[in-house]
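Breakdown of the fold
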Amino acid sequence: MELCFLFLPTILLLSLLYSTILFFKRSAPPRATELKVLKGYPVIGNLPHFIKNGRRLLEWTTDLIARSPTGTVTVAPFVFTADPANVEHVVRTNFQNYPKGDDILSTFHDFLGRGIFNSNGEEWLLQRKTASFEFNTKSLRAFVLDKVRHEAVHRLIPLLKRAGRSGEVLDLQDVLERFAFDNICSLVFGEDPKCLSRESEEGEKFYHAFHEATELTIERAKQPFSLIWKIGRWLHLESERRLRESMETIHGLVEKYVRSRRKRSREGGRSDFLSRFMADGAHSEEFIRDILISFVLAGRDTTPTALTWFFWILSSKPEVAQKIREGIKSIRSRHGNYDSEVLTLEQLREMGYLHAAVSESLRLYPPVPLLPRESKGEDELPDGTRVGKGWTVMYSPYAMGRAEGIWGQDCGEFRPERWMEDGVFQPASPFRYTVFHAGPRMCLGKEMAYIQMKAVAASILEGFEVEVVEKRGKHHLSMTMRMEGGLPVRIKERNA
Ligand code: HEM
């Protein structure tokens, strides 16, 4: 989840060093498959490219990859790729050689500690095993839907009805983010911060502290050298002071939840992650705190981003919205279910076309558009690209989602039908469709995310027309690829 900015702290320094070394060594000419789109400069090498494009990283890397016939570009000490074979090599075949880089880990340490997103090796494996076990239970899926249903029925739908009646313009991105925060906190801690209804002072405090910690950590990652934020922290500069305060708030609340659960542990029967992780009693308080913060981050940032783009894209595809509504109608009549505003797990599973539409929107707008890994030793990718020790290999779900070689000539079109065969959803290889990453570190929350996204999308589409008031559609890279300035919409109740 560290995203594209995380490599910025090392870019300039490494680029300068490597370019200098390469220049003086007059290294071997590139192989036929190794396209050097960019020419480095003597001594300073690729440094000017990184300075020029550091703030438009996604556009730059997408453009470079599109211009390369192999889908891979070397801008030493970086390799950018959208080649599925290279991705498979990095994230699975030679997984041990490509951990998360030390610079990334240190930038994110104050926020995520050594949680699952911010660890490697044994530390990561232990968390992965514990969490995988919990994520694969049937009871968790039911619990997830239960929490979504509660939030949708008691907060989201009433809020949309009110907006429909008053004609007020809503920022749908903000609504979805608040929804997701309530939802993930209920799942993780069994505590409801009531952010969508703004009923709890403590919940608002938690929400804002989390937002602030996320943004300030991304600001750290945007610094050209990590030394800059490290000096800032040492000098107690404003941004570092605010980050420390946000983390004190977050740690204080999480530790309070852990303590209160410990006291009530004899109650039993609870399904939230906190109870599940505490049940086996083998983990330290710090371990539990860090892994829970990582889960909140995963749930807070990804699904609302995905749904914001989904509704944005649907606003210009009324025929797709209509087809989804027809799907809901036919499922309801098949199951004789007209009472509940949220579909059941089984009904959601049957919504193949909705699944396809969400997947298609994620293909074009992946919440995590770039993913970096650091090479521990020298290596060669399947297409012949050489990777030096300590280099960063970055693959791009964003560029891959728009690659003609992977999706065909209509790769730029939003067409859910591409996922359907004889009315049944057909999944794509995770090395081609890299939205959820792939290999041993593939997203653990994928299934849970689909339950949430499909349930929310179906509830909104069934009950309301969503009119996008301003067609902005520009992205802003934060922890995920958010929509710049939000998504202003007007709501109309369909049955009203
Ligand atoms: C549309 C929604 C989502 C997308 C697109 C997504 C995408 C991703 C990606 C790209 C990664 C790899 C990150 C990295 O290695 O730096 C990841 C990892 C992960 N995701 Fe998700 N995610 C989504 C929702 C969720 C949800 C709701 C949860 C659960 C709370 C979750 C839990 C995780 C966890 C625990 C990992 C770490 C896996 C590991 O390192 O072993 N994700 N996700």
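Residues numbered from 1 in each chain as written. Predicted model: local features only at pLDDT ≥ 70, side-chain atom pairs only at ≥ 80, totals over all residues. Heavy atoms only, no water.

**A look at the overall build of the protein**
Rules: Strands here mean DSSP runs of E at least two residues long; helices mean DSSP runs of H or I at least four residues long; both are numbered from the N terminus. Under the scheme applied here, a residue whose accessible area is under 20% of the maximum for its type counts as buried, over 50% as exposed, and between as partly exposed, the area being computed with a 1.4 Å probe on protein chains only. Every residue pair with non-hydrogen atoms within 4.5 Å of one another is taken to be in contact. Computed by Shrake-Rupley with a 1.4 Å probe, the accessible areas treat only the displayed protein chains as cover when residues are assessed.
Per the secondary structure count, the protein includes 19 helices and 13 strands. Evaluated residue by residue, the protein yields a buried proportion of 57% over its 496 residues. Sequence-distant contacts, at least 24 apart, represent 74% of the contacts inside the protein between residues at least 6 apart. Within the structure as shown, the protein displays about 21,400 Å² of accessible surface, and the carbon and sulfur contribution to it stands at 53%.

**Let's talk about the sheet that holds strand 4 (residues 371-374)**
Consider a sheet: its strands pair through backbone hydrogen bonds, and that pairing is either parallel or antiparallel. As a reminder, the rule being used: When DSSP finds two or more bridges between two strands, those strands count as paired. All axes are obtained by fitting lines to C-alpha atoms, using only the stretch in contact for helices, and the reported angles, taken between N-to-C directions, cover 0 to 180 degrees.
Judged by pairing direction, the sheet is mixed, and its four strands sit side by side in the order 1-2-7-4 without closing on themselves. Bordering the open sheet on either side are strand 1 (72-75) and strand 4, each of which pairs with just one other strand. The mean angle between the axes of side-by-side strands here comes to 20 degrees, regardless of whether they run parallel or antiparallel. With four bridges connecting them, strand 4 and strand 7 (residues 392-395) associate as antiparallel partners. Note that in strand 7 the partner of Leu371 across the bridge is Tyr395. Its contacts with the sheet put helix 3 (residues 57-67) on strand 1 and strand 2 (78-81), and the angle it makes with strand 2 is roughly 70 degrees.

**Side note on the coordination of the iron atom of the ligand**
Here is the rule we go by: For Na, K and Ca the donor cut-off is 3.2 Å, and for all other metals it is 2.8 Å, counting N, O and S atoms only; because water is absent from this set, sites may look incomplete.
Exactly one donor from the protein chain reaches the iron atom of the ligand: Cys443 (SG), at 2.3 Å. Mapped onto the elements, Cys443 comes out in the loop between strand 9 (424-425) and helix 19 (446-463).

**So, helix 3**
Every buried residue of helix 3 is accounted for by Leu57, Leu58, Trp60, Thr61, Thr62, Leu64 and Ile65. Residues of helix 3 that are buried in the fold lie against helix 2 (47-53), strand 1, strand 2, helix 17 (397-401), strand 11 (475-477) and strand 12 (481-483).

**Quick word on the UniProt feature "binding site: heme" (unreviewed entry) in the protein**
Here is the rule: UniProt positions are given in the numbering used here, feature names are shortened, and annotations may be inferred rather than shown by experiment.
In the numbering adopted here, UniProt assigns the feature "binding site: heme" (unreviewed entry) to Cys443. The residues contacting Cys443, other than those within four sequence positions of it, are Phe436 and His437.

**Remarks on the packing of helix 8 (residues 172-189) against helix 13 (residues 285-314)**
Note the cut-off: Under this scheme an angle from 65 to 115 degrees is roughly perpendicular, one under 35 degrees roughly parallel, and one over 145 degrees roughly antiparallel; angles in between are oblique. Left-handed describes a crossing whose near helix is turned anticlockwise from the far helix by less than a right angle; the clockwise case is right-handed. Each residue is assigned to one class: nonpolar for Ala, Val, Leu, Ile, Met, Phe, Trp, Tyr, Cys and Pro, charged for Asp, Glu, Lys and Arg, and polar for all the others, Gly among them.
For the pair helix 8 and helix 13, interaxial distance at closest approach is 8 Å and the crossing angle is 150 degrees. Judged on the interaxial angle alone, helix 13 and helix 8 are roughly antiparallel. The interaxial crossing formed by helix 8 with helix 13 has right-handed handedness. Here Leu172, Gln173, Leu176, Glu177, Ala180, Phe181, Ile184, Val188 and Phe189 of helix 8 come into contact with helix 13, specifically with Leu292, Phe295, Val296, Gly299, Arg300, Thr303, Pro304, Leu307, Thr308 and Phe311. Tallied by class, residues from the contact of helix 8 with helix 13 come to 13 nonpolar, four polar and two charged.

**Points about the pairing of strand 7**
Burial of the side chains of strand 7 extends over both faces: Thr392 and Met394 are buried on one face and Val393 and Tyr395 on the other. Looking at chain direction, strand 2 and strand 7 are connected through four bridges and run parallel. From the neighbouring strand, Phe80 faces strand 7, where its bridge partner is Met394.

**A word on the environment of Ser330**
Tracing the backbone through its elements, the reader meets Ser330 in helix 14 (residues 318-335). By relative accessible area, Ser330 is classed as partly exposed at 35%. Along the primary structure Ser330 and Met351 are separated by 21 residues, whereas in three dimensions their C-alpha atoms are 10.0 Å apart.

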